[in-house]
Amino acid sequence: MTHAPHPLTLHPDRLFPSDPTQRDIARRLHAEVTGLPIVSPHGHTDPAWFAINAPFANATELLLVPDHYVFRKLYSQGVDLDALGIPRADGSRAEVDPRDAWRLFAERWTLFRGTPSSMWLDHVFHDVFGLRQRLSAATADDYYDTITAALQTPAFRPRALFERFNIEVIATTESPLDPLTHHATIRESGWSGRVLTAYRPDPVIDPEHEQFPDALRQFGALTGEDVFDWTGYLRAHRQRRAFFAAHGATSTDHGHPSCATADLSDADARRLFDTVVRGAATPAEAELFRAQMLTEMAKMSLDDGLVMQIHPGCFRNHNRDLFARYGRDKGADIPLRTDYVHALKPLLDRVGNEPGFTLIVFTLDESTYARELAPLAGHYPCLFLGPAWWFHDAPEGMWRFREQTLASAGFYNTVGFNDDTRAFLSIPARHDVARRVDCAFLAKLVAEHRIDEDEATEVAIDLAYRLPKRAYRL
Amino acid sequence: MTHAPHPLTLHPDRLFPSDPTQRDIARRLHAEVTGLPIVSPHGHTDPAWFAINAPFANATELLLVPDHYVFRKLYSQGVDLDALGIPRADGSRAEVDPRDAWRLFAERWTLFRGTPSSMWLDHVFHDVFGLRQRLSAATADDYYDTITAALQTPAFRPRALFERFNIEVIATTESPLDPLTHHATIRESGWSGRVLTAYRPDPVIDPEHEQFPDALRQFGALTGEDVFDWTGYLRAHRQRRAFFAAHGATSTDHGHPSCATADLSDADARRLFDTVVRGAATPAEAELFRAQMLTEMAKMSLDDGLVMQIHPGCFRNHNRDLFARYGRDKGADIPLRTDYVHALKPLLDRVGNEPGFTLIVFTLDESTYARELAPLAGHYPCLFLGPAWWFHDAPEGMWRFREQTLASAGFYNTVGFNDDTRAFLSIPARHDVARRVDCAFLAKLVAEHRIDEDEATEVAIDLAYRLPKRAYRL
Amino acid sequence: MTHAPHPLTLHPDRLFPSDPTQRDIARRLHAEVTGLPIVSPHGHTDPAWFAINAPFANATELLLVPDHYVFRKLYSQGVDLDALGIPRADGSRAEVDPRDAWRLFAERWTLFRGTPSSMWLDHVFHDVFGLRQRLSAATADDYYDTITAALQTPAFRPRALFERFNIEVIATTESPLDPLTHHATIRESGWSGRVLTAYRPDPVIDPEHEQFPDALRQFGALTGEDVFDWTGYLRAHRQRRAFFAAHGATSTDHGHPSCATADLSDADARRLFDTVVRGAATPAEAELFRAQMLTEMAKMSLDDGLVMQIHPGCFRNHNRDLFARYGRDKGADIPLRTDYVHALKPLLDRVGNEPGFTLIVFTLDESTYARELAPLAGHYPCLFLGPAWWFHDAPEGMWRFREQTLASAGFYNTVGFNDDTRAFLSIPARHDVARRVDCAFLAKLVAEHRIDEDEATEVAIDLAYRLPKRAYRL
């Protein structure tokens, strides 16, 4: 459907309640937080951007191809991924003019009405690129040209955007096999931007990861440890964690299918590891090994002080044929029902009361917010709740997170917002949405006389800035 | 409790937010959709009504006896089903004056406060029958007389009501064994009303259905196929699907206990079918057979273009003694926790990326909206979400559906509203509620500056009219 | 963080919507219920308070030490339970000045922002003790002194508070082994306060309860029955239930890990019981025994008319080391996913349609409200829903309860509010919150023209007063 161009605006009251009492409070709260620097303790931006500081190529390469929120919806409505120029599993790409791909997207922009992608992208279009007409078939070329031209200018290089976005600190996530060259380059460059890494060891921990056998070999080569022996394998982790910490890491991150943890005896763990390295692990043994490794990681955190994050509960690569053709991360990951009460107990029995240990847990199963996660975080000193994540980082999902965790976890057993994105340009938009939703939520509490406005102001600042810094030790 | 009569009104702003900003927007959106024809692509009205066009008998027979939403609540508060004249399993009925049954209901009308039944029935009372005092013990007889008298007049015959209700098209559901005589009669009568059938093969697919052995025999007799052989059985389905399509069907519907699907080899499917027809299937084998048949139905849809619907997740006939005495559909069906991520994978692996295939999935387990269904529908090109269903078709349930599916499925991976009712007179009320709730939901998005009002207007029209027509190929 | 003192107020519109239309309605509804007496049919106050009527010791002993909502949050933020003077499992307590413990709490009062504890305690501080500055490090001593001094005066003795709180009737819960001396004392004292007991047989029913073997022996000694024989064991229950009923009990209460019920043959039940009393029950057999006993209790209710309550779905004592050190009820109980559809069926098959039987079911798994509990309660004549419970008794949880049960259970298959607390002073605050939330919920329905205000007024009174009296036969 082609539309005549409509104005594109970012209303100053967006995401605030329309009730005048609540809106006025929300405005005042937001005025206190809108200028705070961005703290982004967990995400997936590419450190090469900040190390090399090369210009982004064009609108399609920057905003469409890497954003699985966007192309999964286009795919769901019958658009072929090849037509968008999405890379295939074998590294090849269909020969597609990026402008044509952009047009396919622009013509279907109405599909995104009301979704977080539309909110984030409108913010980028409006604030980053100065566009003032709504995206549509009619404005597709204008968008493409405006964005692509801007990207060639110095003001749109990664470091300039980083500064313009008022980012105080950002963390990326890397595999233990990563030499962290880009992080070293950034540090040595003298540039003031603070870009940290985080230790994400899934490929060398998950026996069912397709890269596991190769990754393990490299892990050994890199560390000089005998990683096919349980003791050497754990030593290799300790060594790499120290290396990551030396490159600024303050946290580890673990993306497991479930939140299962285990606390095996050393002999049992060693036997299990032997099975795993022989490639002989059953699915149940693979799950048990991942579970045991979460507890091993927690024990190492007691020593090296890295904050631990668990991002569980996703069925990865659900679409068999799409995975075969295009590989991972193509919008076919689907959340799963997830248990925390039984799953976390072995780890918590082991380290749950240890002073100085911090475990930040995320979920894709909102039914656990009020039932499991908030009560757990409201009791265990180590446990904190990560923000509404991935499929739930829309205003509705953020609201449900607060609404369902407040009673048992309060505000102070949560860690504020983190954006968890690889879409660099959307980072200000995402933090803006989160701050506005938190201010709207607090405004309702104030308007209903549940907290005073001076308290709400402090909470708003805590959620936007202080809590993530404290939780992630930044 | 007896009340003095109170006025019965249908407020023009009902179901709109009371916040003036949102209410004004909702009014404007609603003005654009309130006059749209009703598209009812899934429901359970009786085609005999429209074929024979006989008058309905009286208030009790029309509004009370067939409405399990109503009599289940009366039963839950101690009213005997016999006293309401509900038919028993053996076909007999207690000798009850329908006026007495109506009085039992009227005296307990306060029990329905706030429920969807009260909203639908008040709409029927007010708009269809012109009643202007609230139902109560005091007005019971007046209601009974007014309604029963009206039903004897030509304006209240089924076809007249169909036209008065501005129904553009309605679909019923029939068993494969149904000769579709009524549909043929309607078509041959020259009447302009569009009444379609839909293929609902549960009795010949579910080995645990009490009619299965008989139904299978009739299936063979009707089709002339050897339905005790796997190949003949599938051929019989293809034949009846074609027969249904010739009588206007554009869809099939499957009411399974779970959403399990399977994709067995032909040899395994054949072996399983042999077990089933021998009556030797275990519960697990019965489940596997239903699962396999969903995939078979999907494969047939690739050929004949029928849209496929799955309505899973209900524990039927939960009340053992009531089932023995009164049979099916007596208000004792209870929703179950339902998995979709693993359950749908075999079918989706087989046909999930096929162009032209449409699978509309419903749920009674709202915890799957944001976690499973919206992400699945937001990725697979074949998948669309049916509206809030059965226990969830109240304003709160409809709101939760939108609120929890918007982020990942948007509006456009849903199919708009369908009423799924056998309560013919309530159809305008049900569509009215759905349109009002969608307008209220959109008004909030506009008032909070998340979409513009021109976009909301288009979405409102899409949800009320265009999306169901498109999804069901009407 | 230390704050300058801020005023402490209880706003007359607290918990009402800020939308003027809804707020005005809520005010009018609330005016009709705010003066109604408190009916507290389920809770855990100590009957000794009312029997002995001794003064409470000090602020810390009254408000901090017994309130696991409060000290679990302090623990979750690193405060040692010893530093608060929480009793240990062996009965000992750290030597702590209660004033120091109070200061630790007061300094961390900001952690409770937005939580129900802050709302309840502010109500107690303001209305019971007349405090007018917010709790903080700066006001800690003033709070401690004011509260502790007041407690020494006659007006703050338990009976005086009972009368001041306008409590019409309160129920406590006791083990079958309890001699009910305090209840007898109260009754014989001539005091007008109505304090009932309730039969809570978990320690003599749950084979996995750490007190089970001892409790069973005492059960036999107390009743003179051979409780190691199935027939004698059941007779002992009947005898104690009669004894409890004679001391005012109108209900029984069952706190099981799940809602599983069973309906074994007498021979199977006897065999299972023999295994249990031999101490040889597996976890599955223990679960089956608890399940069978729920049905036995239901059958006894048919005879003696005691209303039955099930409080299922909590993983008790989740923190292993804390349990070893401090014992039960230390804020480490975590809700579990809970099934009702299959679990309740054996009991319902047996007694679900029996006139005069009342079963009130609670849940800690909100995902069951709309899916399972409301449909079950909306059908079975015996079933009623208990209010939002424990982790869910905050305004948000109460709202979700209404919002998710209204469609299928209406208002009238629920039992109104009960506070379920051992925090005696918070009882008026808790009922106040519940009444306000219900009025706010009803005000929205009125403002959106779904029910008329006269109906909402009746419902508000029913929920606050009439329904609990009716459901609990008070």
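Residues numbered from 1 in each chain as written. Chains lettered and ligands numbered in written order. Predicted model: local features only at pLDDT ≥ 70, side-chain atom pairs only at ≥ 80, totals over all residues. Heavy atoms only, no water.

Chemist: Any chance you could explain the relation of the copies chain A and chain C here in plain terms?
Modeler: In this arrangement, two copies of a chain are superimposed by a rotation about an axis accompanied by a shift along the axis. Superposition record for chain A on chain C: RMSD 0.0 Å, screw rotation 120 degrees, translation along axis 0.0 Å. Put plainly, the chains are arranged around a three-fold axis. Little of the interface of chain A is mirrored in chain C: 7% of its interface residues are interface residues there too. (Least-squares fit on C-alpha atoms with pLDDT ≥ 70 in both. Contact = heavy atoms within 4.5 Å.)

Chemist: Please explain the domain arrangement of chain A as it appears in this structure.
Modeler: Residue and element names in this part refer to chain A. For chain A, the domain assignment lists domain 1 (20-56 + 155-471) and domain 2 (57-154). Relative to domain 2, the C-alpha centre of domain 1 lies at a distance of 27 Å. Tallying the contact residues gives 32 residues for domain 1 and 29 residues for domain 2. In total, domain 1 and domain 2 occlude about 2,700 Å² of area from one another, counting both sides; carbon and sulfur atoms represent 63% of this. (Domains from an automatic or database assignment. Buried area = accessible area lost by both parts, 1.4 Å probe.)

Chemist: Which parts of the structure should I look at to understand the pattern of salt bridges?
Modeler: Overall, the coordinates contain 138 salt bridges over all chains when judged by the stated rule. Put simply, Arg27(B) and Asp13(B) hold a salt bridge, and the shortest N to O gap is 2.6 Å. Taken together, the residues Arg27(B) in helix 1 (residues 20-33) and Asp13(B) in the segment before helix 1 connect sequence positions 14 residues apart. Residue Asp393(B) pairs with Arg430(B) through a salt bridge whose shortest N-O separation is 3.5 Å. In this pair, Asp393(B) is assigned in the loop between strand 9 (383-385) and helix 18 (395-409) and Arg430(B) in helix 19 (residues 427-447), connecting sequence segments 37 residues apart. Summarising the burial analysis for this pair, Asp393(B) and Arg430(B) share the class buried. Connected through shared salt-bridge partners, Arg113(A), Arg134(A), Asp452(B), Asp454(B), Glu455(B) and Glu458(B) make up one network. (Salt bridge = Lys/Arg side-chain N within 4 Å of Asp/Glu carboxyl O. Helix = DSSP H or I, 4+ residues; strand = E, 2+ residues; numbered from the N terminus. Buried < 20%, exposed > 50% of the residue type's maximum accessible area, 1.4 Å probe, protein only.)

Chemist: Help me understand the relation of the copies chain A and chain B, please; the structure alone is not making it clear to me.
Modeler: For the pair chain A and chain B, the relating rotation is 120 degrees, the translation along its axis is 0.0 Å, and the fit reaches an RMSD of 0.0 Å. Of the residues that chain A buries at the interface, just 6% are likewise interface residues in chain B, meaning the two copies contact each other through different surfaces.

Chemist: Sorry, what's going on with helix 1 of chain B here?
Modeler: Each full turn of the α-helix corresponds to 3.6 residues, which orients residues three or four apart in the same direction. All names here are of chain B. For helix 1, built from 14 residues, the straight-helix expectation of 20 Å at 1.5 Å per residue is met to within 8% by its first-to-last C-alpha distance of 20 Å. Within helix 1, the full set of buried residues consists of Gln22, Ile25, Ala26, Leu29, His30 and Val33. Seen along its axis, helix 1 keeps its buried residues to an arc of 135 degrees; they face one direction. Among the structural elements, helix 19 and helix 20 (453-471) are those in contact with the buried residues of helix 1. (Expected span 1.5 Å × (residues − 1). Arc of directions from axis to C-beta.)

Chemist: So what exactly am I meant to see when it comes to empty space enclosed by the protein here?
Modeler: Regions of empty space are outlined by a rolling probe, equal in size to a water molecule, passed over the atoms. Residue and element names in this part refer to chain B. In this structure, the second largest cavity spans a volume of roughly 150 Å³. Lining the second largest cavity are 15 residues, with Leu62, Leu63, Asp67, Ala423 and Phe424 positioned closest to its centre. Those elements giving two or more residues to the lining of the second largest cavity turn out to be helix 3 (59-64) and helix 6 (116-128). Here the lining of the second largest cavity gets four residues from one element, more than from any other, and that element is helix 6. Composition of the lining of the second largest cavity by domain shows at least three residues from each of domain 1 (20-56 + 155-471) and domain 2 (57-154). (1 Å grid on protein atoms, 1.4 Å probe; cavity = no way out; pocket = protein on both sides within 12 Å on 5 of 7 lines; lining within 4 Å. Points joined across faces, edges and corners; volume = space filled by probe spheres on them.)

Chemist: Any chance you could explain the sheet that holds strand 3 (residues 195-196) of chain A here in plain terms?
Modeler: The strands that make up a sheet are held in pairs by hydrogen bonds between backbone atoms, and each pair lies either parallel or antiparallel. Residue and element names in this part refer to chain A. The strand order across the open sheet formed by three strands is 1-2-3, and the pairing between neighbours is parallel. The sheet is open, and its two edges are formed by strand 1 (38-40) and strand 3, each paired on a single side. Bridge count between strand 2 (residues 167-171) and strand 3: two bridges; the pairing is parallel. The residue of strand 3 that forms the bridge with Ile170 is Val195. (Pairing = 2+ DSSP bridges.)

Chemist: Got a minute to help me understand the interface of chain A and chain B in this structure?
Modeler: Interface size, as often reported, equals the accessible area lost upon joining of the parts. With 50 residues of chain A at the interface, the matching set in chain B holds 45 residues. For the chain A face of the interface with chain B, the top three residues by lost area are Arg113(A), His318(A) and Arg337(A), together amounting to 18%. With a closest N to O distance of 3.6 Å, Arg113(A) and Glu458(B) form a salt bridge. Counting the contacts that link chain A with chain B gives 25 residue pairs in polar contact (both at pLDDT 80 or more). Contributions of two or more residues to the side of chain A that touches chain B are made by helix 4 (68-76), helix 6 (116-128), helix 15 (320-326), strand 7 (334-335) and helix 18 (395-409) of chain A. (Polar contact = N/O pair within 3.5 Å; in protein donor to acceptor, adjacent residues only side chain to side chain.)

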